[in-house]
Structures are given as C-alpha cells and as structure tokens.
Amino acid sequence: MSEKFLQGKAAQRYVDLEPLGQGGMGSVYRAWDKQMARSVVLKLPRADKATNKEYLKRLRNEAKALAKLDHANIVRLYDFDSNEGHPFIVTEDVDGTELSNFVGGDALNLRQSVALLVELSKGLEAAHEANILHRDIKPENVLVTPDGTPKLIDFGLVLQKGDGKTTRMTATGVVVGTFLYSAPEVLTGATDANVGSDVYSFGVLAYELITGEHPYAGVPALKLCSMEAELEVKEPSALCPQ
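All of these numbers come straight from a predicted model, not from anything done at the bench.

A.B. asks: Provide a residue-level description of the overall build of the chain, including the pertinent values.
C.D. replies: When helices and strands are counted, the chain shows seven helices and eleven strands. Here the chain holds 242 residues, and 43% of them are scored as buried. For the chain, the proportion of contacts with a sequence separation of at least 24, taken over those separated by at least 6, is 58%. Per element, the accessible surface of the chain, about 12,500 Å² overall, is 49% carbon and sulfur.

Shown next, in the form of structure tokens:
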C-alpha cells in the first residue's frame, strides 16, 4: 500500500514515509506533511485489504470518532482523505513512549503513576461523554510524552453510541479488543461493550502499571472467560508497598 500511496496525489503532500507498525488490516507510517510543515502519522489500509469493506468502514468511523474529540489526553485527528481511491487517516505524531515500557520498571514511582492514571482517565471520560467507547485500552495504546502527559491512541475498534443508533466496527457477537484486558462478560458474549467494560480495561492497566504485573498473570484463558469464576487477585499493596 505504501508504494501505491507514494504514486498518488498524497505523495505531493506527505513525504519521507517511515513504517511504525502493521496490524491485521492496516499499516501505520510517520510522514512529513509538506503543506503544514509538521510530522504526522498516517494510517492506511494494507495492500491486501485496500478493498475490504469492513476495514474501510472501520477506518472511516475511527476518523469520525476522533473528529468529535479534542482533548489533551487523546491523540488528535488532523485529516481524513483518500488517495487513489483508498481512504487514510492523518493524526498528530505524538512524541512519546508506549506506557508498556513503564510497566515493571522504576521509571515511575507510585505518585507519578497515579498522576498519570488520573490524566489518562480524563481522556477516557471525555470519550465516554461523547458516547464513544475505545474497546482496546491497554498499555500499548497509551503514549507518554517527555513531560509525562499520557495520550490514548488507536481508536480502530471504537464503538459510537447515541441518537438511537450504534455505529459498529464489527459484527454483533464478535469479540474484539485484547483478551487480557477485556471484561469477562464481554468475552463470554453475555453483554456488549459498554462504559463499564472500558473502565474494566482501564482498571487492569492501572493495576499493571502500579504493581508491575498483570492481575491475572498465569490464569488459564478459559477461567478468564468465566463470569462465575472467583479469580484471586493479589492486593496491590502486597506488590507495591509504597
């Protein structure tokens, strides 16, 4: 897809593409926006998914969701455009490090971790107030800037609710998100994603950041999926005496 992208009209504006990552359906690049003289991040369909209607709808709705959000703790949308008939998203290039790099280390003390989580919760709250569910909250989807500001990124699995209708990215009954951060009731299909399931994911992230380990480390997958299972979780104070 990057080769095709470079051949289209967008190549006149976005140059020096640098691969940042690739998922099941899309690729992410850092690029220089000649028109605005700034570094940006581009999210494009993979070459073999360029005509996949489900992914293209997902990309379009991700852009619509981000367009409704303007918050210091959420990555900002710059543009949504198409090139050679294929849509792409342009967002700010956050100068930051994945939150996962702070888990289990000594880069943050307890006070700093809590302060970071408070700021991140404000971004999540802003999304929920706009009737937007992230559905994939995890350390890899949070970037921390040099001044300690956390930013929630990757709204690729976003779910928008409101006005009597719901804009979905996936078919009903399909479990989305990252297994270890998904609420048990969502994994079992007992309920759809909701504000509570986002908060659950945030809670797992918070526990992991503060204690240095996942609350369900070593728990069998089938037990995680069971709503009735009594999962034993260590008290955070036992792992983080601070």
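A.B. asks: Quick one: what's the story with the sheet that holds strand S9 (residues 150-152), residue by residue and with numbers?
C.D. replies: Spatially, the three strands line up as an open sheet ordered S6-S8-S9, and their pairing is antiparallel. Looking at strand neighbours, the two that pair on one side only are strand S6 (97-98) and S9, the edges of this open sheet. Here three bridges tie strand S8 (residues 142-144) to S9, and the two strands are oriented antiparallel to one another. Note that in S9 the partner of Leu143 across the bridge is Lys151. Each of S8 and S9 touches helix H3 (residues 110-129); the most contacted strand, S9, lies at about 30° to it.

A.B. asks: A description of the confidence of the model for the chain should follow, citing residues and the corresponding values.
C.D. replies: The predicted model of the chain averages 86 in pLDDT, with 83% of residues at 70 or higher. Under a pLDDT of 50 for its full length, residues 163-173 has, in the predicted model, 25 contacts with residues more than four places off or in other chains.

A.B. asks: Go over the pairing of strand S5 (residues 86-92) with me, naming the residues and quoting the values.
C.D. replies: The side chains of a regular strand alternate between both faces of the sheet. Burial analysis of S5 places seven of its seven residues in the buried class, the great majority of the element. By the bridge criterion, four bridges tie strand S3 (residues 38-45) to S5 in an arrangement that is antiparallel. Looking at the pairing, Val40 lines up with Glu92 of S5.

A.B. asks: Got a sec to walk through the pattern of salt bridges? Specific residues and values, please.
C.D. replies: Once their charged atoms are close, side chains differing in charge can pair, the charge on each being opposite to the other. Applying the stated rule across the entire model yields eleven salt bridges. Residue Arg76 pairs with Asp70 through a salt bridge whose shortest N-O separation is 3.0 Å. With a relative accessible area of 30%, Arg76 lands in the partly exposed category. In this structure, Lys122 and Glu119 form a salt bridge, with 3.1 Å as the shortest nitrogen-oxygen distance. Of the two residues, Lys122 and Glu119 are both situated in helix H3; the distance of three residues between them amounts to about one turn of the helix.

A.B. asks: An account of the layout of surface pockets is needed here, citing residue identities and associated values.
C.D. replies: The method is simple in principle: a probe with the dimensions of a water molecule rolls over the atoms, and the space it marks as empty is what remains. Size it by volume and the largest pocket reaches roughly 920 Å³. Contributing to the lining of the largest pocket are 35 residues, with Val28, Lys43, Asn141, Ile153 and Asp154 lying nearest its centre.

A.B. asks: Outline the nonpolar core, supporting the account with residue identities and numerical values.
C.D. replies: Note on soluble globular proteins: their nonpolar side chains tend to be buried together. Grouped together as the largest cluster of nonpolar side chains are 26 residues, with contacts concentrated most on Leu99, Ile132, Phe155 and Leu205. Examining the composition of this core, we find that five residues originate from one element, H3, more than from any other. Discounting residues that sit within four places of it in the chain, Ile132 has contacts with Ala65, Lys68, Leu69, Ala127, Phe155, Val158, Leu159 and Gln160. Val40, Leu42, Phe88 and Val90 belong to the second largest nonpolar core, which has nine residues in total.

A.B. asks: Explain unusual backbone geometry to me, using residue names and the numbers behind them.
C.D. replies: The residue Asp16 is not glycine, and still its phi comes out positive at about 55°. Structurally, Asp16 is set in strand S1 (residues 14-22). Residue Asp16 is classed as exposed on the basis of its relative accessible area of 63%. The backbone of Glu84 shows a phi angle near 55°, a positive value even though the residue is not glycine. Inspection of the secondary structure assignment puts Glu84 in the loop between strand S4 (77-83) and S5. According to the relative accessible area criterion, Glu84 is partly exposed, its value standing at 48%.

Conventions adopted
- Residues numbered from 1 in each chain as written.
- Predicted model: local features only at pLDDT ≥ 70, side-chain atom pairs only at ≥ 80, totals over all residues.
- Heavy atoms only, no water.
- Helix = DSSP H or I, 4+ residues; strand = E, 2+ residues; numbered from the N terminus.
- Buried < 20%, exposed > 50% of the residue type's maximum accessible area, 1.4 Å probe, protein only.
- Contact = heavy atoms within 4.5 Å.
- Areas by Shrake-Rupley, 256 points an atom, 1.4 Å probe, with all protein chains shown as cover.
- Pairing = 2+ DSSP bridges.
- Axes fitted to C-alpha atoms, helices over the stretch in contact; angles between N-to-C directions.
- pLDDT = per-residue confidence, 0-100.
- Salt bridge = Lys/Arg side-chain N within 4 Å of Asp/Glu carboxyl O.
- 1 Å grid on protein atoms, 1.4 Å probe; cavity = no way out; pocket = protein on both sides within 12 Å on 5 of 7 lines; lining within 4 Å.
- Points joined across faces, edges and corners; volume = space filled by probe spheres on them.
- Core = buried A, V, L, I, M, F, W, Y, C linked by side-chain atoms within 4.5 Å.

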